[in-house]
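What follows is the residue order along each chain.
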Amino acid sequence: MQREIHVPFKAEQDEDGVWAATAALNPDAFAHGQGPTREAAIEDLKEALALLAEEVGAPDQLVVTITTD
């Protein structure tokens with residue numbers, strides 16, 4: 001079964017120029033990705049999240065629509 005999940009993430013570049021991306025599937029299950037560019041770190045993170053979801057399961061999701069000014 002295929003399922004699409006939306007996972008917030010954080011991407012930062014360190015002092016050596018390497019990008020790192022981090023996300024959590026739940027409060028106890030984190031995934032990390034690295035790369036020479038922001039895009040490469042995010043792609044690495046996607047792969048790590050897919051493996052983590054296989055191990056711990058995909059999180060339940062709730063979609064909320066907000067209005068901003």
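See the structure above.
All values reported here derive from a predicted model rather than from experimental measurement. One numbering rule holds for all chains: residues counted from 1, following each sequence as written. Selection of residues for local features in this predicted model requires a pLDDT of at least 70, selection of side-chain atom pairs for listing and counting requires 80 or more, and totals for whole chains, interfaces and linings are taken over all residues. Working from all heavy atoms in the structure, the side-chain values ignore hydrogens and water.

Engineer: Explain the pairing of strand β3 (residues 29-35) to me, using residue names and the numbers behind them.
Structural biologist: Buried residues are those whose accessible area, probed at 1.4 Å on protein chains only, stays under 20% of the maximum for their type, while exposed residues exceed 50% and partly exposed ones sit between those limits. Helix and strand assignments come from DSSP, with helices taken as H or I runs of at least 4 residues and strands as E runs of at least 2, each series counted from the N terminus. Residues of β3 alternate between two faces, with A29, A31, G33 and G35 buried on one and F30, H32 and Q34 left unburied on the opposite face. Only strands joined by at least two bridges in the DSSP assignment are considered to pair. Here seven bridges tie strand β2 (residues 19-26) to β3, and the two strands are oriented antiparallel to one another. By the bridge assignment for β3, A23 is matched with A31.

Engineer: Please give an account of the pattern of salt bridges that cites residues and values.
Structural biologist: The salt bridge definition used is simple: a Lys or Arg side-chain nitrogen within 4 Å of an Asp or Glu carboxyl oxygen. Tallied over the full model, the rule gives two salt bridges. In this structure, K10 and E12 form a salt bridge, with 3.6 Å as the shortest nitrogen-oxygen distance. What makes K10 exposed here is its relative accessible area of 52%. When its relative accessible area of 46% is taken as the criterion, E12 is described as partly exposed. Between K46 and E43 there is a salt bridge, with its nearest N and O atoms 3.1 Å apart. Here the residue K46 and the residue E43 both occupy positions in helix α1 (residues 38-56), the gap between them amounting to three residues, near one helical turn. Its relative accessible area of 48% is what places K46 among the partly exposed residues. Overall, the relative accessible area of 42% leaves E43 in the partly exposed class.

Engineer: Please give an account of the pairing of β2 that cites residues and values.
Structural biologist: Across five bridges, strand β1 (residues 9-13) lies against β2 in antiparallel orientation. Its bridge partner lying in β2, E12 is registered against A20. What sits between the antiparallel neighbours β1 and β2 is a turn of five residues, in which G17 has the positive phi angle 90°. Hairpin connection, β2 to β3: the antiparallel pair is bridged by two residues.

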